Amino acid sequence: MFYGLLSVADTYTVSECTKTIQTVMEHMLWLPGEQAMRMMNFLLPLLKISNRVRDALIDVLCKAMGSSGMQKRRMAIYGFCMILKQLNNSNALRQTSSATSFCTQQSISGYSMMTQNSLGSRSNPQRNFDMLTLEIIGMLRNCLQQQFDIRCTLYENLQRAVELNAKLVPHVLQVIDWHFRSFFDTPSAEEAGDDLDTVFRIRYDQLVTASDQQHMEIQLKDNLGKLVQFVANCLVTFERAPSGYDTREISRLLALCVQRMVANRLPIDDVSPPATHLKCALVLQQLNLIEGIVSHLCLSSKPNNDAICQVLPLFKQHCKLLDDLKTLAGSSKKLQKQSKKTVSNDTTTSIFNLTVNGIQMKSMCTQPENIWDLSILDKLLHLLLDDVVPFAASEKTIQLRSNESLVRYVVQITAEKVKNIRLEPDYKQLAYSKRTFKQLTDITKIIYERCIRRLPELWRDFDMQTSSLAAQCFVECLRTAHETYSKKFKEFVKGFDMASLNRSKAVTYVIQDVVDEFMKEYATDDSLNKDTFIAKLPVYLLESLEILFDHIDYGERAATESYTWLLNFCRTHELVNPEMGLVHNLLFIQRQKTHSGPFFESIARQLGHVLGALNDDISIDLPDPGLKSISTITAESCLQHLYVAVQKQLLNVEYFVVKANNLSYKCQLVPESDQSYWRGNLDVMERSICTQIIHITRTLLALTNVCIPLGSSMDGLMKLLIQHYICLKNLTRHYLSCCTSDASNANMRSTKFELLLREVGKKLPANVYELITYIEANTLDEDNQHLKTRNVQAQRAKVLRETRLIPKVIMVIEDFNKHIILLSKKTKTFNRLTDYLHLGTMRDFDIKSTDLKAAIERSLTDTHEIAEDDCTTEDVEDIDHSNDPSNDEEEEAETEIIQAPNKRQRQGRAPISDTEESQPKRRRGRKAKEVQSAKPQSDDEQESNEEQLETVETTQLRNRTKKRQTKKSTRLSNEEESAEERGPTEQRTKDMRKSQERDTGVKPRRLGLLRSGKK
């Protein structure tokens, strides 16, 4: 992108950096194909003025043409055609001396020496142009023997080059002629003579073949329909200056093809079920061939010929082939289902393998792709919609205009092609194409003038389906211009709307009148819900208004009038179709453009009347807007549009809060004489911010009182609350940075911040907590209803999904309260700010005490039963082991293990509650249970146990003292050995240290970490 801007801004300076440009072009061979084609656009300005850059690019493209990668070869085709587009006599001279710079037989395969000598003679004024064109086209000629995608790319880019540079036509026709003839089996013109029944067949084996006996693995080689359309464009361009090549044979082949196709004498062998992949591919080839012939007829049509008369019979065959393709598609689905059953029974083999050029396919019958471009569609629309056209007689177009199927098909294909303009890759640079912009404007003009302005007459006298398709085509044209040519949109509107010249109604008023007319006829009709095309028509018109309103400025009169019309429309009509809820989005946008003040609060209250309110005691101060368009059908979409409108308001407020921060900082830097002026501006801005947030808060206060259905609507409200409290926190931080004196405190009182806290502090959090209780109650009730039918994991995921935003909402509320407390402490004379805050609610996660007690009692009873069973088994084991004297030592060791943890527990942990003290801990292990069961004993047994414990403790002390003595003796012995190994200096310092200890009686303290377990 940077190189493109630089090459356009300063082309001559960039053209001098030839070595750098050559390095960049060499690296293009290592990039992906589309990325390299995108980079070529910055070379286009350089090619017009620098032959050296062009020659270096040709060398790079020759290397790419010989690559094995298909993307690199497509990049080479695109680059060569880009050179051909801007090639002329003045810039066609080759400057380099490489082997590819000369026009030789090796570089130009397929051209005779006589042709090369005649074109390369110095007396030819176009010598350089012809030689370079022959060289490039000779390289492109090799692509005609390559894969299917390479051939289609060549047809598309060469057609584009021929349309922009008509001098290329003789050279291109010389290459295409022999390739075009190879697909037809017919004798030459001299051999056939005037025989009308001469042999004429299409070699379908040159187009598609099957590599298996079941005809499921096919190889696509070419597309004859695209080739015919490309040749037809070349012939039309050649007729403007017919010199340099003989085109009679090409014209004869096209005429024979039209004649035999109209007479239905070129049928496919068999298109009846059962379906095969080869049959479907042949039907698609035949469809594209008919479309290519129709393109040839439209381009060659004149008032004095009968070319247009052949369009209708060809279209009938086209419809028949579409029906055959649908039949084959139904048969293929049945065949695939049978194959899946067979494969499931026998996993070793499958019936067939669907491939196209070695690529796996999911279905054998794909959706047919139309090959018409915008220029062909423009001619067809004029034929079908205009009364008089310059390229055909009016009496010959009557049958075309009266055919409903043909009109529908052309309008539908036009809508699809216009939509595809937005989906084209970036390297084609259609956003900067004047030709594409003009074609789009012309198509929009014919649709608007002949369909949209007369839409009521069209659905009454012609067909409702055609009217709906025309509205769809119109909105696709507007959307493409809006997204692709956004800077030229007003120029685009002036191109098809002649209101300024004719002093008639503008396009917005025309569409509004059409919508009103439609609602008068179909507002109470049941067909609005049953018929798809009737239901879609007003939606397309509203989408068109949305795009047109987006380009109306704030100060224009049309903005206010559009809001007035939308408000009257919503108050008048009750919408039955939920998709027409789009009108609320238009109403809210135009309201924000033209008006200020409380409006969305009344919309939220009306939604509460429709969906229900959580608390009916809240008083309603504002008048009801009385919008009949808000009903249970459109309430959910209205909620979403209302969220978007409020979110936009919050974004604007956040922007002005940042601006207020900057202005506050500026007030500290300006001189004292100017501080009053800037301080006044800051106060006005803060007052406006607080006023706007008050309106937003009242809207949210009304929304939190609505019984909003759970799901996306409730999530949208939660996200809006989070954004609202973040905005409030930022505003509070602004006041924290500003409040440094008593004067600033007085200014804060004057900016309605205290009034804002009255609205936000207690009312809104109270509603939010009630809303949270409503969400949890509805979630639990719904889960209880579907407990038996739903999976536990899915149920758990649903609960988490519907309640995931609740902690975030509570967190932002508490964060805002924290900043208000800080502000209240900072402004000591303004401590009543905290009085407006809502005290936080401790969330107990809805744990019911009765259920908790019941669960604890059940667990205790289960534990008691388990303990009794264990005790009975342990008593039997004790009887068996009581006579064994070896068990005494084990019991002593286990008493040590049990008593040691008890001491640690007494030191490190205290009981938390009474319930924990009253419930003894269950010890695991057989001996632990014996200790618990041994508590209720007699006095003699307790004394004997105490004596045993004393003996155990004395033995433990003896063992510890013995271990200490052994450790001390080993340490002393180690020190003596180390002292012998050390030098005399270290021993002397150690003796001096010991003598100091004896004299002072104080041992020096060692610094370090205490080991765990010691004090």
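On a predicted model such as this, the values are computed, not experimentally measured, just so you know. (Residues numbered from 1 in each chain as written. Predicted model: local features only at pLDDT ≥ 70, side-chain atom pairs only at ≥ 80, totals over all residues. Heavy atoms only, no water.)

When helices and strands are tallied, the protein shows 43 helices and 6 strands. Across the 1015 residues of the protein, 44% fall into the buried class. Counting contacts in the protein only where the partners sit at least 6 residues apart, residues at least 24 apart contribute 75% of the total. Roughly 56100 Å² of accessible area belongs to the protein as shown, and the carbon and sulfur atoms make up 52% of that amount. (Helix = DSSP H or I, 4+ residues; strand = E, 2+ residues; numbered from the N terminus. Buried < 20%, exposed > 50% of the residue type's maximum accessible area, 1.4 Å probe, protein only. Contact = heavy atoms within 4.5 Å. Areas by Shrake-Rupley, 256 points an atom, 1.4 Å probe, with all protein chains shown as cover.)

In contact at an axis separation of 10 Å, helix H17 (residues 374-385) and helix H19 (residues 404-423) are set at 150° when each is read in the N-to-C sense. As for how H17 packs across H19, the hand of that crossing is left-handed. Residues Leu 374, Leu 377, Leu 380, Leu 381 and Leu 384 of H17 lie in contact with H19, whose contacting residues are Leu 406, Val 407, Val 410, Val 411, Ile 413, Thr 414, Lys 417 and Ile 421. (Axes fitted to C-alpha atoms, helices over the stretch in contact; angles between N-to-C directions. Left-handed = near helix turned anticlockwise from the far one by under 90°.)

Once that is clear, we can look at helix H6 (residues 51-65). Compared with the 21 Å implied by 1.5 Å per residue over 15 residues, the 21 Å span of H6 between its first and last C-alpha is a close match. Counting buried positions over the 15 residues of H6 gives 11, a clear majority of the element. Here H6 has its buried residues at Asn 51, Val 53, Arg 54, Asp 55, Ala 56, Leu 57, Ile 58, Val 60, Leu 61, Ala 64 and Met 65. The inward-facing, buried residues of H6 contact helix H3 (18-27), helix H5 (44-47), helix H7 (70-85) and helix H9 (127-141). For H6, the N-terminal capping position is held by Ser 50, with its side-chain oxygen 3.3 Å away from the main-chain nitrogen of Val 53. (Expected span 1.5 Å × (residues − 1). Polar contact = N/O pair within 3.5 Å; in protein donor to acceptor, adjacent residues only side chain to side chain.)

Tracing the backbone shows Glu 636 in helix H31 (residues 635-669). In this structure the C-alpha to C-alpha distance between Glu 636 and Leu 611, which are 25 residues apart in sequence, comes to 9.5 Å. Apart from the residues lying within four places of it in its own chain, the contact partners of Glu 636 are Ser 712 and Ser 713.

Scanning the model with the defined rule gives 23 aromatic pairs in all. Ring pairs connect the aromatic residues Phe 437, Tyr 448, Phe 474, Tyr 485, Phe 489, Phe 492 and Phe 496, which therefore count as one cluster. Looking at Lys 379, its charged tip hangs above the ring of Phe 391, at a distance of 4.2 Å from the centre. Just above the ring of Trp 678 sits the side chain of Lys 666; from NZ or CZ to the centre is 3.9 Å. (Phe/Tyr/Trp six-rings, centres within 6.5 Å; stacked < 30°, edge-to-face > 60°. Lys NZ or Arg CZ within 6 Å of the ring centre and 35° of its normal.)

In this section: the sheet that holds strand S4 (residues 217-220). Paired through their backbone hydrogen bonds, the strands of a sheet run either parallel or antiparallel. Spatial ordering of the open sheet is given by S3-S4-S5-S6, a layout of 4 strands whose pairing is mixed. Sheet topology places strand S3 (208-210) and strand S6 (359-360) at the edges, where each strand pairs with a single neighbour. Judged from the 3 bridges that link them, S3 and S4 form a sheet pairing that is antiparallel. Bridge pairing links Ala 210 to Ile 218 in S4. Across the face of the sheet, helix H15 (residues 277-300) comes into contact with S3, S4 and strand S5 (355-356) while running at roughly 175° to S3. (Pairing = 2+ DSSP bridges.)

Inspection of every chain in the model, using the stated rule, returns 1 disulfide. The thiol of Cys 451 is not disulfide-bonded; the next cysteine sulfur, from Cys 473, is found 8.1 Å away. Cys 667 takes part in no disulfide bond, and the closest cysteine sulfur, belonging to Cys 738, lies 8.1 Å away. (Disulfide = S-S within 2.5 Å.)

This paragraph deals with the pattern of salt bridges. Counted by the stated rule, this structure contains 33 salt bridges. Its salt-bridge partner being Arg 435, residue Glu 163 comes within 2.3 Å of it at the nearest N-O pair. Placement of Glu 163 in helix H10 (residues 148-164) and of Arg 435 in helix H20 (residues 434-452) is noted, with a sequence separation of 272 residues between them. Judged by its relative accessible area of 27%, Glu 163 is partly exposed. On the accessibility criterion, Arg 435 (27% relative accessible area) is partly exposed. Residue Asp 386 pairs with Arg 450 through a salt bridge whose shortest N-O separation is 3.6 Å. Taken together, the residues span a long stretch of sequence, with Asp 386 in the loop between H17 and helix H18 (398-402) and Arg 450 in helix H20 at a distance of 64 residues. A single burial state applies to Asp 386 and to Arg 450, both of which are buried. One continuous salt-bridge network, built from bridges that share partners, spans Glu 156, Glu 424 and Lys 428. (Salt bridge = Lys/Arg side-chain N within 4 Å of Asp/Glu carboxyl O.)

Counting residues in each nonpolar core, the largest one holds 267 residues, and the members touching the most others are Leu 140 and Phe 180. Take this core: its biggest share by element is 14 residues, from H15. In contact with Leu 140, not counting residues within four places along its chain, are Met 65, Ile 77, Phe 80, Cys 81, Leu 84, Leu 154 and Leu 158. (Core = buried A, V, L, I, M, F, W, Y, C linked by side-chain atoms within 4.5 Å.)

The next thing to look at is the confidence of the model for the protein. Averaged over the protein, the pLDDT score is 79; the fraction of residues at 70 or greater is 73%. A low-confidence stretch, residues 96-120 stays under pLDDT 50, and its non-local contacts, those more than four residues away or across chains, total 47 contacts. Across residues 885-941, confidence stays below pLDDT 50; counting only partners more than four residues off in sequence or on other chains, it has 38 contacts. (pLDDT = per-residue confidence, 0-100.)

For the rest of this paragraph, the subject is the pairing of S4. Burial along S4 is one-sided: the face carrying Ile 218 and Leu 220 is buried and the face carrying Glu 217 and Gln 219 is not. As consecutive antiparallel partners, S3 and S4 are separated by 6 residues, and within that stretch His 215 has a phi angle of approximately 60°, a positive value. As paired elements, S4 and S5 share 2 bridges and run parallel to each other. Across the sheet, residue Glu 217 finds its bridge partner in S5, namely Thr 355.

The omega angle of the peptide bond from Pro 273 to Pro 274 is 5°, so this bond is cis rather than trans. Locating Pro 274 in the fold gives a position in the loop between helix H14 (248-262) and H15. For Asn 357, which is not a glycine, the phi torsion comes out positive at approximately 55°. In this structure, Gln 429 takes a positive phi of about 55° despite not being glycine. Here Gln 429 is to be found in the loop between H19 and H20.

This part covers the packing of helix H30 (residues 600-611) against helix H32 (residues 672-703). Where H30 contacts H32, the two axes come as close as 8 Å, and the packing angle between them is 0°. The orientation of H30 relative to H32 falls into the category roughly parallel. Counting all contacts with H30, which are made through Phe 600, Glu 601, Ala 604 and Arg 605, the residues of H32 involved are Arg 698, Thr 699, Ala 702 and Leu 703. When grouped by side-chain class, the residues that make up the contact of H30 with H32 number 4 nonpolar, 1 polar and 3 charged. (Parallel < 35°, antiparallel > 145°, perpendicular 65-115°, else oblique. Nonpolar A, V, L, I, M, F, W, Y, C, P; charged D, E, K, R; others polar.)

Turning to the environment of Tyr 522, a few remarks are in order. For Tyr 522, the position within the fold is in helix H25 (residues 507-522). You can call Tyr 522 buried: its relative accessible area is 14%. For the pair Tyr 522 and Ala 535, spaced 13 residues apart in sequence, the C-alpha to C-alpha distance is 9.4 Å. Residues contacting Tyr 522, with those up to four places away along its chain left out, are Trp 459, Met 464, Ser 527, Leu 528 and Ile 534.

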